[in-house]
Each structure stands twice: as C-alpha cells, then as structure tokens.
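Chain by chain, the residues run as shown.
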Amino acid sequence: MAYSNRRQEDTAMYEVHADSQLLQFLLDNAHGSRNKLKDTLKGRGVKVNGKVTTQFDYPLKPGMTVTVSKSKRNEMFKSRYVKIVYEDRWLVVVEKNIGILSMAAGHSSLNVKSVLDDYFHKSRQKCRAHVVHRLDRDTSGLMIYAKDMETEQILEHNWHDIVYDRRYVAVVSGEMEDDEGTIANWLKDNKAYVTYSSPTDNGGKYAVTHFHVLNRTTEHSLVEYRLETGRKNQIRVHSADMGHPVCGDIKYGNGDDPIHRLCLHAYVLCFTHPVTGERMEFDTQIPAAFCRLFK
C-alpha cells in the first residue's frame, strides 16, 4: 500500500512500500483508468525517484517515490521545434530543436519564448516565458524558462548554486588524443562579436570546461563537455582551442560538416527547484545522427 505524502497543484507523490511494476503500482494507487495512466506514462508525466520513466514494467522497490503529473496541459502543446519535458506552475523545461532562437532577435524571428507564450495563452495560463539562459540557434537540447519574474530572478541570481550538473555532447573534428581533461582561459568578444580566448586575463570572463571522450574514429570524436562556467560560445571556442572544433561550426570550425548541422547538444540539466527545493534531473538521448558516425 502507498500513501500520497505530498500534493502540489499539478503533481501527486507516492511512496513505494512493496515490490511492484510501475503500471500496476499506478493502477493500485493513482486515480485514473488504465488508458489514462498509460497516456500519462507515454507523455512523460511519471517520475521514479525524480527521473522521468516511460517503461510500463519498470521495477519498483520499497523506499522509492513515484511522482505523477496531473496536468493535461501538454496535450495542447505541439511544435516541431520545441518539446515540453517538464512543467509546473513556476517553470517549464523544454528540449529545443536546431533552427530556433532562444528568444526574439529582430522582426518575426522564430523563437522558443514566443512558442511558449502562445501555448500559455492557448492553455489559459496567466503567465509569460522568462528567459533564464540561452542556447544558440543551431544548438539543440535542454533549457529552463521561468513562468514569472520572481522565479526568473531567483534562477538568474543563483544560477551557479542552483544548477549542479550541466552537460553537452558534441561531435568534434579529428581524433582526440586525451580521454579527458580540462581547458580554462579567458573569453572575450572582439568588435565583430567573435569570441576569442586568452591564456592570461584579457579583461574577459574566466571560462572552465571539463571534457570526456565517449567514442572516437580517425575522423571524429564524440565528446561530453561539463561546464563549470557558462560563457557565450564557451564549448565552441574551447573545442577550437584544442584543435578539434565542433563539426558544422561555421564561426569557429574548420569546414568539417558531416551531418549538415552544428554538432552540439545540451543533453543533461540538473538543478535544485528554485521554489520547492526539489532536485530536478533531466537528460535526453544523444542525437541519433551523432551516434551514426561512430557505428
């Protein structure tokens, strides 16, 4: 038997007291028909120990917690450029595709903020999307948007304390020599808004990137980057500094463009919820097109 030990407006949390499989546990404890609960699972509305789980027969053990989203808002959201991964009354986590800006720049540019604002309007939520951090137009992956100014301010002013794991994966040109390491230097924009690095303080911002090679061929390497600082174009400049620029990078690359896109994806984002204090952990698949280069 489980009990609901915490309820928010949009979620219910249950504690597991006996071995079970996830769908059966939901049928026994959460309100809803089999079809409705299956839809919630498929729609990424169920978490086990804080991690989204879509597997019906996921094995549960005593002491685990299961969180069920009761919000039906995501069904109203359809976009080929943006996928909602998580939503509550304070913030939304999205996975953005390539080819869309994080926020507006110039007239009628396609951007995630306006896509979300449109969705909030259609779902009768009295809120707007507030930009907390950015991804370049041609970088895909996970992003947070706040739904009110207060939450945005907490995230912005305490970003480095709140976000405890932020990782990217990239395909870089050439075969990386080292399996792992750290690159650190100062980054500054020149007059043409191109970011350049300096081993000594050039009045720019100090930037630290940790890298770990996941796979390699003689032509390319699949690299995981963990950011200690989040500077503009940090990974792209640091990759180029190492002599292995990100593939498909028009600005800092060497013309190597195997899949006709910037091969950079924000695939892990872990943070402490700015309002509830809950640990929020999100990851996405490494893009299939990246993996195919290493078959």
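The model shown is predicted, which means the values in this text are computed figures rather than measured ones.

## Section: the packing of aromatic side chains
Part 1 of the argument: Taken as a whole and assessed by the stated rule, the structure comprises four aromatic pairs.
Part 2 of the argument: The interplanar angle of 55 degrees and the centroid separation of 4.8 Å between the aromatic rings of Trp186 and Tyr206 together place this pair among those described as tilted. Placement of Trp186 in strand β13 (residues 180–189) and of Tyr206 in strand β15 (residues 205–216) is noted, with a sequence separation of 20 residues between them.
Part 3 of the argument: Taking the relative accessible area as the measure of exposure, Trp186 reaches 21% and is therefore partly exposed.
Part 4 of the argument: Put simply, the rings of Tyr86, Phe271 and Phe282 touch in pairs and so form one group of aromatic residues.
Part 5 of the argument: Between the NZ or CZ atom of Arg279 and the centre of the ring of Tyr164, over which it lies, the distance is 4.3 Å.

## Focus: the side chain of Thr40
Part 1 of the argument: Here Thr40 shows up in helix α2 (residues 34–42).
Part 2 of the argument: Sequence-distant contacts of Thr40, defined by excluding residues within four places in its chain, comprise Gly45, Val46, Val68 and Ser69.

## Considerations on the environment of Leu264
Part 1 of the argument: In this structure, Leu264 sits in strand β17 (residues 264–272).
Part 2 of the argument: Taking C-alpha positions, Leu264 is 13 Å from Arg226, a pair spaced 38 residues apart along the chain.
Part 3 of the argument: Contacts of Leu264, omitting those with residues within four sequence positions, involve Asp138, Thr139, Ser140, Tyr168, Val169, Ala170, Ile235, Arg236, Val246 and Phe290.

## A look at the nonpolar core
Part 1 of the argument: Ranked by size, the top nonpolar core spans 41 residues in total, and within it Val94, Leu116, Tyr145, Tyr168, Tyr225 and Val246 carry the most contacts.
Part 2 of the argument: Broken down by secondary-structure element, the contributors of at least two residues to this core are β8 (82–87), β9 (91–96), α3 (112–122), β11 (140–146), β12 (163–173), β15, β16 (220–227) and β17.
Part 3 of the argument: Beyond its immediate sequence surroundings of up to four residues, Tyr168 is in contact with Leu135, Thr139, Val223, Glu224, Tyr225, Leu227, Ile235, Leu264, His265, Ala266 and Tyr267.

## So, the pattern of salt bridges
Part 1 of the argument: In this structure the tally under the stated criterion is 14 salt bridges.
Part 2 of the argument: Asp118 serves as the salt-bridge partner of Lys122, at 3.1 Å between the closest nitrogen and oxygen. Taken as a pair, Lys122 and Asp118 lie in helix α3 at a separation of four residues, close to a single helical turn.
Part 3 of the argument: Look at Asp118 and you get partly exposed, because its relative accessible area is 37%.
Part 4 of the argument: Ionic pairing is found between Lys232 and Asp189, a salt bridge with its closest N-O pair at 2.6 Å. Of the two residues, Lys232 is situated in the loop between β16 and α6 (234–241) and Asp189 in strand β13; the sequence distance between them amounts to 43 residues.
Part 5 of the argument: In this structure Lys232 comes out as partly exposed when scored by relative accessible area, which is 42%.
Part 6 of the argument: According to the relative accessible area criterion, Asp189 is partly exposed, its value standing at 30%.
Part 7 of the argument: What you see here is one network of salt bridges that share partners, running through Lys113, Asp117 and Arg128.

## Thoughts on the confidence of the model for the chain
Part 1 of the argument: Scored by pLDDT, the chain comes out at a mean of 89, with 94% of its residues at no less than 70.
Part 2 of the argument: Within the model, pLDDT remains below 50 along residues 1–9, and this stretch shows 30 contacts once partners closer than five positions in the same chain are excluded.

## Some remarks on the packing of helix α1 (residues 22–29) against α2
Part 1 of the argument: One way to put it is that α1 packs onto α2 with a least axis distance of 10 Å and a crossing angle of 130 degrees. Here α1 is positioned oblique relative to α2, judged by the angle of their axes. Our pair here, α1 against α2, has a crossing hand that is right-handed. Between α1 and α2, the contacting residues are Leu22, Leu23, Leu26 and Leu27 on the first element and Arg34, Leu37, Lys38 and Leu41 on the second.
Part 2 of the argument: Taken together, the residues that form the contact of α1 with α2 break down as six nonpolar, no polar and two charged.

## What to know about the pairing of strand β18 (residues 279–283)
Remark: a regular strand shows side chains that alternate across the two faces of the sheet.
Part 1 of the argument: Burial along β18 is one-sided: the face carrying Met280 and Phe282 is buried and the face carrying Arg279, Glu281 and Asp283 is not.
Part 2 of the argument: As paired strands, β17 and β18 are joined by five bridges and run antiparallel to one another. Opposite Val268, over in β18, you have Asp283 as the bridge partner.
Part 3 of the argument: The loop that links β17 with its antiparallel partner β18 comprises six residues; one of these, Gly277, has a positive phi angle of about 80 degrees.

## Section: a negative patch on the surface
Part 1 of the argument: On the surface, a cluster of negative charge is contributed by Glu175, Glu177, Asp178 and Glu219.
Part 2 of the argument: Relative to the assigned elements, Glu175 resides in the loop between β12 and β13.
Part 3 of the argument: Since its relative accessible area comes to 39%, Glu175 is described here as partly exposed.

Analysis parameters
Chains are numbered independently. Their residues run from 1 in the order of the written sequence. Selection of residues for local features in this predicted model requires a pLDDT of at least 70, selection of side-chain atom pairs for listing and counting requires 80 or more, and totals for whole chains, interfaces and linings are taken over all residues. Values shown for side chains rest on all heavy atoms present in the structure; no hydrogens or waters enter the calculation. Only centres within 6.5 Å qualify two rings of Phe, Tyr or Trp (six-membered ring in Trp) as a pair; their planes then separate them into stacked at under 30 degrees, edge-to-face at over 60, and tilted for everything else. Segments assigned H or I by DSSP are reported as helices when at least four residues long, segments assigned E as strands when at least two residues long, and all are numbered from the N terminus. Note on classification: 1.4 Å probe, protein chains only; a residue is buried when its accessible area is under 20% of the maximum for its type, exposed when over 50%, partly exposed between these limits. Any Lys NZ or Arg CZ found within 6 Å of a ring centre and within 35 degrees of that ring's normal is scored as a charge over the ring. Every residue pair with non-hydrogen atoms within 4.5 Å of one another is taken to be in contact. Among the buried residues, those of types Ala, Val, Leu, Ile, Met, Phe, Trp, Tyr and Cys that are joined through side-chain atoms within 4.5 Å form a nonpolar core. What makes a salt bridge here is a side-chain nitrogen of Lys or Arg within 4 Å of a carboxyl oxygen of Asp or Glu, nothing more. pLDDT is a per-residue confidence score from the predictor, ranging from 0 to 100. Axis lines are fitted to C-alpha atoms, over the contacting stretch for helices. Their N-to-C directions set the angle, which ranges from 0 to 180 degrees. Any angle from 65 to 115 degrees is called roughly perpendicular, while one under 35 is roughly parallel, one over 145 is roughly antiparallel, and all others are oblique. In this scheme, a crossing is called left-handed if the near helix is turned counterclockwise away from the far one by less than a right angle; it is called right-handed if the turn is clockwise. Note on residue classes: Ala, Val, Leu, Ile, Met, Phe, Trp, Tyr, Cys and Pro are nonpolar, Asp, Glu, Lys and Arg are charged, and everything else, Gly too, is polar. When DSSP locates at least two bridges between a pair of strands, those strands are taken to pair. For patch building, the residue pool is restricted to those with more than 30% relative accessible area and no salt bridge; the joining distance is 9 Å between like charges and 5 Å between nonpolar side chains (Val, Leu, Ile, Met, Phe, Trp, Tyr). Here, Shrake-Rupley sampling with a 1.4 Å probe gives the accessible areas, and only protein chains in the shown set may cover a residue. Neither His nor the chain ends contribute to the count of charged residues, in which Lys and Arg are positive and Asp and Glu negative. To locate a charge, take NZ of a lysine, CZ of an arginine, CG of an aspartate or CD of a glutamate.

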